[in-house]
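Below are the chains, spelled out letter by letter.
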Amino acid sequence: MPTVIAMDCSASMHSWSAPNKEGNVLSKLKLASECGMQILEFFAEKMKLEHLAVLSFSSDVEKLSEFSRDYAHLKLSIAKMKVRDKSLFSQLVSYLNQFVVETWGYMEPCHIIIITDGRLSWPEDITIAPSRTLFEFPGNLHILCLESTSSLTSSGCMTCLKNILEQNSGKGSITSLLKSRLNEHEVISTMKNELEKFLNDRFKIFEINLKCGSLSSQVALYPAPVADKTGEEFDDSFQIVGFLDVADVGNPPVLSRHLLSPVADKETSQNPDETKDFAGSPAMAIVLHGSLKIENKVALVKVSPNNYGVIYSWPCSKTKSNLVLSLLPPGAESVPWLGNIRQLGPSSLLPSTGKKIETPTFPVQPRKGSKRSYAQPTVAWTRPTGLQTDIQKILRSAKKLPEKSQVFYKDLNRLRRAALAFGFHELLEGISSLLERECTLLPGTAQPEAMLQLSHAARELKASVGAGYEHNLEPLKTDFKFNR
C-alpha cells in the first residue's frame, strides 16, 4: 500500500541531540534525515513496488515529492528540508486528507510515517467521532520519536501522542528511537537499530508457500493481505484446489488484489552465487502463470479454512502480464453462480447416462426473454444539454412522419420511461404540448397521417402518466393507400 513519510521541520527539531567529536551539536533534523534515508533504503531493497511520498510540515505543509517509485529522486527530496516555525499537526492531517484522496481515493489504505521529536500540537477541543478516524481514508499512523521514552513521558508529550493515536481508533504505533543522550556514534547506531526493528515488524513481506498437488513454490504477495472482519488467520500455505474457465468465474466481488511473485528459497538465498541465477531458474509459480495465460483459466486457491481466492494472469501491457491473487469475500458461497465451492468437482465425475449431453457451464444463463438491466440503454440527464438533445431528437423525427414513425415512438417511449423513473411527470406534459404545437405548424404539403400520429402521440403521452413503467406507446394504425 502507498506510504507517506512526513518530517517535522519545526524549530524544536533544530535543537541539539548529542555532541560529536568536534564539539558541535547533532541536530534532530539531521537525525530525521538519516531516518528518512534508512526507510527509503529498506523499501528499495524489500518493497520495490510500493509508492512513497515525502512531506515536511510545521505550521504549514510542503510537498517534497509526489508518490513515486524513483528512490533516487525521493532521497534527493529529503535534502530539501529546512527548519521553519512551530509544528501544527492539525494542518498535516488536513493536507493528507486532500493529498492522499486526490491520488488514491477514499478506499485505498495508506501508511503515514511521521518523524518528529514528539512535540506535536493537537488542540484538545478537536475530537473525532468514535466511528471515524483522523483520516478520510484507511490510514495507519506510525509516529517515530527522536527522544527517549522517559523524556517523552516527563515532558507530557507521550500523553499528547497517545491522544492522537486514540483519535485514529488506535490504528498505528508510537516508537521511541533513542534510549538516552549519548555521544554521536551511539545515538546514530541506537536510532538505526530501533528503526530497523520497527520496519521489520510493521512492514513485513508476506511470504507464503503455494501448493498445487505435489508441487510447491515460495511466493510473495504485494501488498500484504489483511485478515477479514471475522479475524480468521491465513493458513501456513495456500493450496490450489482446482481450475476454472475465466468465463465461468466472470467478475466476482473481491476484497483485495495482490501481485504474486516467486521468491528464492531460504537455502538458496544463503548462497550469493545461486541467488544471482534465480531469475533464470524454473519455479512452479512461473509455470502456473504461463499455463493460466495459455489455457485461459483461473486457479481456485484455499487461503484459510473458510476463505478462498482466485489466481489468474493479468496483462499490464501488450507484451507483459503478472500473476495476481484476488481474495474472495468470506465463506464458501462467495461467488453466487458457482454455488458452494466445496462441492465443486471435475466434470469427469458426473454420472454417465450413455447419451452425449452438453455439460452446463457457469454462470447459469437466465431464462429466455429476460433482459439484464445493464444491457439496456440508460438515460442519465446529468446536464441540461442531455435533456435538450433528447427532446430535439424527438422533434426532428416528428417532422419526418410517417417515414420516421418507428424511430419517433422508440425515442418517445425511452424518454417516457426515464421521466417516470425520475418522477419528472411535468416533462411528459411539456412534451405533449410540444407535439400539439407541431401539429399546427405542419405545412400544407404534409401527409394527413403525420397530423394524426402527432395528435395520437400527444394525447396518449398525457394519458399514460399513471399507466406504469412497462407501458409502451403504440403508433396509430392507419391506411391511406386507397384514399388518393
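Read on for an overview of the structure.

Reading the values: rules and limits
- Residues numbered from 1 in each chain as written.
- Predicted model: local features only at pLDDT ≥ 70, side-chain atom pairs only at ≥ 80, totals over all residues.
- Heavy atoms only, no water.
- Helix = DSSP H or I, 4+ residues; strand = E, 2+ residues; numbered from the N terminus.
- Buried < 20%, exposed > 50% of the residue type's maximum accessible area, 1.4 Å probe, protein only.
- Contact = heavy atoms within 4.5 Å.
- Areas by Shrake-Rupley, 256 points an atom, 1.4 Å probe, with all protein chains shown as cover.
- Core = buried A, V, L, I, M, F, W, Y, C linked by side-chain atoms within 4.5 Å.
- Pairing = 2+ DSSP bridges.
- Axes fitted to C-alpha atoms, helices over the stretch in contact; angles between N-to-C directions.
- Salt bridge = Lys/Arg side-chain N within 4 Å of Asp/Glu carboxyl O.
- Parallel < 35°, antiparallel > 145°, perpendicular 65-115°, else oblique.
- Left-handed = near helix turned anticlockwise from the far one by under 90°.
- Nonpolar A, V, L, I, M, F, W, Y, C, P; charged D, E, K, R; others polar.

Some details on the overall build of the protein
Part 1 of the argument: When helices and strands are counted, the protein shows 14 helices and 15 strands.
Part 2 of the argument: Within the protein, buried positions represent 40% of all 484 residues.
Part 3 of the argument: Counting contacts in the protein only where the partners sit at least 6 residues apart, residues at least 24 apart contribute 71% of the total.
Part 4 of the argument: About 28200 Å² of surface is accessible on the protein, with carbon and sulfur atoms providing 53% of the total.

Some words on the nonpolar core
Part 1 of the argument: Membership of the largest hydrophobic core comes to 33 residues, with the highest contact counts inside it found for Ile 39, Phe 43, Ile 115, Leu 144, Leu 146, Leu 195 and Phe 203.
Part 2 of the argument: Elements with a minimum of two residues in this core: β1 (3–8), α1 (28–46), β4 (52–57), α2 (71–78), β6 (110–116) and α6 (184–202).
Part 3 of the argument: In terms of residue count, α1 provides more of this core than any other element does, eight residues in total.
Part 4 of the argument: Residue contacts for Ile 39: discarding those within four places in its chain leaves Ile 5, Ile 113, Ile 115, Leu 144, Leu 195 and Leu 199.

Topic: the sheet that holds strand β11 (residues 237–245)
Part 1 of the argument: Ordered by their spatial adjacency, seven strands build a closed barrel running β9-β10-β12-β15-β14-β13-β11, and the pairing between neighbours is mixed. Strand-to-strand twist across the sheet, computed as the mean angle between neighbouring axes with direction ignored, equals 40°.
Part 2 of the argument: Direction of pairing for strand β10 (residues 215–222) relative to strand β12 (residues 256–262): antiparallel, over a ladder of four bridges. Among the inter-strand pairings, Val 219 is bridged to a residue of β12, identified as Pro 262.

Examining the pattern of salt bridges
Part 1 of the argument: Scanning the model with the defined rule gives eleven salt bridges in all.
Part 2 of the argument: A salt bridge links Glu 147 to Lys 28, with the nearest nitrogen and oxygen atoms 2.4 Å apart. Placement of the pair is Glu 147 in the loop between β7 (139–145) and α4 (149–155) and Lys 28 in helix α1, with a sequence separation of 119 residues.
Part 3 of the argument: The class of Glu 147 is buried, set by a relative accessible area of 7%.
Part 4 of the argument: The partner of Lys 63 in a salt bridge is Glu 66, and the shortest N-O contact between them spans 2.5 Å.

A closer look at unusual backbone geometry
Part 1 of the argument: In this structure, the amide linkage connecting Tyr 222 to the following residue, Pro 223, adopts the cis form with an omega of -15°.
Part 2 of the argument: Inspection of the secondary structure puts Pro 223 in the loop between β10 and β11.
Part 3 of the argument: Despite not being glycine, Ser 169 shows a phi value in the positive range, around 60°.
Part 4 of the argument: With phi around 55°, Asn 296 is a residue other than glycine that occupies positive phi space.
Part 5 of the argument: Its location among the elements puts Asn 296 in the loop between α10 (284–295) and β13 (297–304).

Remarks on the packing of helix α12 (residues 405–422) against helix α14 (residues 448–463)
A packed helix pair is summarised by two numbers, namely the angle formed by the two axes and the spacing between the axes.
Part 1 of the argument: It is the contact of α12 with α14, at a shortest axis distance of 12 Å, that shows an interaxial angle of 15°. The orientation of α12 with respect to α14, classified from their angle, is roughly parallel. The handedness of the crossing between α12 and α14 is right-handed. Contacts between α12 and α14 involve Phe 408, Tyr 409, Leu 412 and Arg 416 from the former and Gln 453, Leu 454, His 456, Ala 457 and Leu 461 from the latter.
Part 2 of the argument: Classifying every residue of the contact of α12 with α14 gives six nonpolar, two polar and one charged.

Examining the sheet that holds strand β8 (residues 172–176)
Part 1 of the argument: Spatial strand order, β5-β4-β1-β6-β7-β8: six strands in an open sheet with mixed pairing. At either margin of the open sheet sits one strand with a lone partner, and together these are β5 (61–68) and β8. Put simply, the sheet's adjacent strands are angled 15° from each other on average, direction ignored.
Part 2 of the argument: Two strands pair when backbone bridges link them, and β1 and β4 are joined in this way by six bridges, in the parallel orientation. Looking at β4, one finds that Val 4 is bridged to Ala 53.
Part 3 of the argument: Docked against the sheet, helix α5 (residues 157–167) engages β7 and β8, running at close to 160° with respect to β8.

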